[in-house]
Every structure is written in C-alpha cells, then in structure tokens.
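# Chain and residue survey
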Amino acid sequence: MFPDWVPQDAKRYLDHTERGLTIRALARRGGCAPSTVMRQVRKIELKRDDPLIDEALSNLSQCAADLSQRCAEQAQSAPRPKDTTHMNKSTDHTPNTSTDGANDALSSGALVPPTDATIEFEARRILRRLSEPGACLAVAQDMEKAVVVRDLPGGRTARTAVLDRPIAQAMALKDWITAQEKGKITRYTITSAGRAALKMLIAADETARAGFAEAPAGFGHQGTAWPVPSGLNPEAEKQKRVRYNAAESPVMTLSRRRDKDGEMFLPPELVGAAERLREDFELAQMDAGAAQDWEQYLTSGAVPETAKDTAGYGPQAAKARVVAALVDLGPGLGDVALRCCCYLEGMENAEKNLGWSARSGKVVLRIALQRLKRHFDQAGYSNLIG
C-alpha cells in the first residue's frame, strides 16, 4: 500500500497509528519482537517535530486512505459474476478491483507520492550539492519548493539548486537530511546516511553507464606485474594524499587561491557566475528528450534556434541559457568553462585534453568567467533560479 522507498519504521508507524494495527500484530507480520516495533514507532513519533517528516507522514496516510476508499468504491460498484459452475478460471472475467481502484486513484488527480526513480534522480543532484561545504537545504512554511543555498567567501550566499517539496519530504523521511535550525525557515544538512546513499547512487549510475562485461573477468590486479618507474624505490613510495574535495568544483578550489599580490584569484562574483552556469547545466539535464551534445555549440558561429528563448524556469529555458552562454564565450573560453564549470573536470585534465601548456588553464578560466559574468549581467537573468 505504501511506496517501496518508505522506510520500514515509517510503514509500521502508519499501520499502527492510522490503520489501528496492534504492536503484536505488526511484530507477528514482520517476524520480530514487539519491543522492536515499539522502538520503531516511538522513533518516528519523536521525529514528527520535523516539518518535512510530519508532512511526509500525513501525505502518505492520506494517499493510503484515498487508495483504500477508491478500491472499496470500485469493489461495491463492480457487477457480481454469475453463479455458474461450468465457467473455469480461463473464462472468468471478474474485474480486478484492487488494480482498477489504484489506477482510478492515480487518474482522478489524488495526491500521489513520488516514485523511487524520481527520488533517486533528484537525490543525485541535491545530495551532491548538500555535500559541498557551507551548503544547506532551506524550506519555508508557505513555499512549494525547497532551495539549496551555500555560503560563499565574503559573507555572500548563493542558491545552487531547487527541488520539489515532496522530494525533500522523502529525503527527510529516509534520514538523508536532518533539520538544524527550525522556525519560519527550516535549514537541513546532509547526514552520514545521505552521504552513503549518494555514494551508492553515483556508483550505480556509473555502473549503468559502463555496462556489464560479456564474460566474467577477474580483478585487474590479478596476475599483473605492475611496472615500477626507474629511480623509484617501491618501499619508500608513500600513498599520495588527496588534496581536493570530490564534492567541490574546480572553480571553488581555485577560489581559495591567491595571486602574487595577495588578492583572491577568483573573486566571489566570478565564482557566482560559474555556479550560475553549473545550475542551468544541471537543470537542463532533466530534459531527457533534448540532445545533450554541448560541444556542437562551441564550433558554430550562428546562434542556434534553442538559444533564443532564455526566459523561463524549465529545462528548455535552462538549456537555452547554457547554449547562449557557450555561444557568447566561443571556442577556447567556452571549452574551459564547459569542462570546469559543468563537467567538473579538473584543471590538469582540462589542460591535457585541450592540448594547453601546464598552469595556463586557470588564467584562461578566469578570463572565461569574466566574460561569462558580463554575459549574465547583459542578459539580465543572473539572479534567476531554475
């Protein structure tokens, strides 16, 4: 009756509070001790102070009630089959009241919870944003959307993502986010369970893209003699330390650096322009029917047809804004902006793939961001979200 993404604790809580099932009945059905079910029910009850969790439980209860009512009405209105003994199961046309009732509930405009695929798709984007330093999810009482905001250098804040409120409710119910500040605007941060879920979602996505091998293969290191460069002692070789955060973009890494005069290499306004382009790029990926060959806009001199309509809040308008920005930057500047701001490609890899000399990409990137900021200012939608 409840979606698969709903945790077992929440299902038992709703069965106990809304459907009236006893603790012992739930324990017998789940094959566990009654004390286990009681702890789960108390755990969810204590979480109802969270606005998103309270809304999620209320919506799930309402959805289950609406579905049960529709199924009951369908069963009462369905004609009874004739009492004949010669009809076998192959010719029995008794209507499936449970399936028909569920389909009618979905088609009647009733409240429908999000699906597992929708939650996983949005979680890849939102949890990645919440993993960035200083990021949180802001939810207001009268807002239909939830907004991910992030603190920038200089005391500024930037909105980096927007998601529907039902998705935020599901993420809170799954313990992927937790409330830190409650009030008219509640702020949520990512939890350890959310970080673990993000790693699993990213791994599953990479596995799906790579596909499976046609034949079973062993591990890559089995039977392989790894070559040791000459002049290096393998025993003295130490494990290299990771010098960057995978959740950060290359632009945020460069923003902490300073030039020889002591000034910030990338000022906050240039970082904001890069984040703005990245936000439109991620929003444009939600349009599954659109072609995502972005490099074609870096070689053509004419403005594509999709780059004319940049006003709006949907994926099509976001794609048009990205196309317009890439066309304005042109080859070279557009290449480094697309790789570092959108694809989150490291500066060393970008220099290598573009055939540039070492330590020259960051200078070109700064020039590209200056041009990008001027483009956003002239277009007049630098503060537009989604």
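Bear in mind the structure is a predicted one, so any value in this text is a computation, not a measurement.

## Quick notes on the packing of helix H11 (residues 315–329) against helix H14 (residues 361–379)
The geometry of H11 relative to H14 is characterised by a closest axis approach of 10 Å and an angle of 125 degrees between their N-to-C directions. Classified by the interaxial angle, the pair formed by H11 and H14 is oblique. H11 and H14 meet at a crossing whose hand is right-handed. In this structure, H11 contributes Ala 324, Ala 325, Asp 328 and Leu 329 to the contact, and H14 contributes Ala 368, Arg 371, Leu 372, His 375 and Phe 376. Classifying every residue of the contact of H11 with H14 by side-chain character gives six nonpolar, one polar and two charged.

## Concerning the pairing of strand S4 (residues 177–181)
Across four bridges, S4 lies against strand S5 (residues 185–190) in antiparallel orientation. In the sheet register, Glu 181 faces S5, and the bridge partner there is Arg 187. Adjacent in sequence and paired antiparallel, S4 and S5 are bridged by three residues, among which Gly 183 carries a positive phi angle near 160 degrees.

## Some points on the packing of aromatic side chains
Taken as a whole, this structure holds one aromatic pair when the rule is applied. Their ring planes at 75 degrees and their centres at 5.7 Å tell us that Phe 281 and Tyr 343 sit as a pair that is edge-to-face. Residue Phe 281 is located in helix H10 (residues 268–284), and its partner Tyr 343 is located in the loop between helix H12 (333–342) and helix H13 (347–354); the two are separated by 62 residues in the primary sequence. On the basis of relative accessible area, Phe 281 is assigned to the buried category, the value being 8%. For Tyr 343, a relative accessible area of 37% translates into the label partly exposed. A cation sits over an aromatic face here: Lys 362 above Phe 265, 5.7 Å from the ring centre. Here Arg 366 stacks its cationic end above the ring of Phe 265, 4.3 Å away from the centre of that ring.

## With respect to H11
For H11, which comprises 15 residues, the first-to-last C-alpha distance of 21 Å matches the rise-based estimate of 21 Å (1.5 Å per residue) to within 8%. Along H11, the residues classified as buried are Ala 317, Ala 318, Lys 319, Ala 320, Arg 321, Val 322, Val 323, Ala 324, Ala 325, Leu 326 and Leu 329. Check the buried side of H11 and you find it contacts H10, H12 and H14. After H11 finishes, the residue Gly 330 shows a positive phi value of roughly 80 degrees.

## Describing helix H2 (residues 23–30)
Looking only at H2, the buried set comprises Ile 23, Leu 26 and Ala 27. In an axial view of H2, the angular spread of the buried residues amounts to 100 degrees, which keeps them on one side of the axis. Summarising the geometry of H2, the exposed residues directed more than 90 degrees from the buried face are Arg 24, Arg 28 and Arg 29. Considering only its buried residues, H2 is in contact with helix H1 (8–17) and helix H3 (34–46). Where H2 ends, the next residue or the one after it, Gly 31, has phi of about 70 degrees, a positive value.

## Looking at the pattern of salt bridges
The final tally for this structure, using the stated rule, is 20 salt bridges. Its salt-bridge partner being Asp 9, residue Lys 43 comes within 3.8 Å of it at the nearest N-O pair. Within this pair, whereas Lys 43 is found in helix H3, its partner Asp 9 is found in helix H1, the two being separated by 34 residues in sequence. With a relative accessible area of 17%, Asp 9 lands in the buried category. Arg 165 is the salt-bridge partner of Glu 55, the closest N and O atoms lying 2.8 Å from each other. Of this pair, Glu 55 sits in helix H4 (residues 51–77) while Arg 165 sits in helix H7 (residues 165–173), placing them 110 residues apart in sequence. We classify Glu 55 as partly exposed; its relative accessible area is 24%.

## Here we look at the confidence of the model for the chain
Residue-level pLDDT values for the chain average 76, and 71% of them are 70 or greater. Least confident of the elements in the chain is helix H5 (residues 97–107), whose mean pLDDT is 44; most confident is H7, at 93. Considering only residues more than four positions removed or in separate chains, one finds that residues 83–109, a stretch of pLDDT under 50, has 21 contacts. The model gives residues 213–246 a pLDDT under 50, and that stretch makes four contacts with residues more than four places away or in other chains.

## Digging into the sheet that holds S4
Pairing within the open sheet is antiparallel, and its five strands lie in the order S3-S2-S1-S5-S4. What marks the edges here is a single partner per strand, and that holds for strand S3 (156–164) and S4. When the angles between neighbouring strand axes are averaged without regard to direction, this sheet yields 35 degrees. Packing of H7 onto the sheet brings it into contact with strand S1 (135–140), strand S2 (145–152), S3 and S4, and relative to S3 it is tilted by some 95 degrees. Helix-sheet contacts for H10 involve S2 and S3, and the interaxial angle to S3 is about 10 degrees.

The rules behind the values
Residues numbered from 1 in each chain as written. Predicted model: local features only at pLDDT ≥ 70, side-chain atom pairs only at ≥ 80, totals over all residues. Heavy atoms only, no water. Axes fitted to C-alpha atoms, helices over the stretch in contact; angles between N-to-C directions. Helix = DSSP H or I, 4+ residues; strand = E, 2+ residues; numbered from the N terminus. Parallel < 35°, antiparallel > 145°, perpendicular 65-115°, else oblique. Left-handed = near helix turned anticlockwise from the far one by under 90°. Contact = heavy atoms within 4.5 Å. Nonpolar A, V, L, I, M, F, W, Y, C, P; charged D, E, K, R; others polar. Pairing = 2+ DSSP bridges. Phe/Tyr/Trp six-rings, centres within 6.5 Å; stacked < 30°, edge-to-face > 60°. Buried < 20%, exposed > 50% of the residue type's maximum accessible area, 1.4 Å probe, protein only. Lys NZ or Arg CZ within 6 Å of the ring centre and 35° of its normal. Expected span 1.5 Å × (residues − 1). Arc of directions from axis to C-beta. Salt bridge = Lys/Arg side-chain N within 4 Å of Asp/Glu carboxyl O. pLDDT = per-residue confidence, 0-100.

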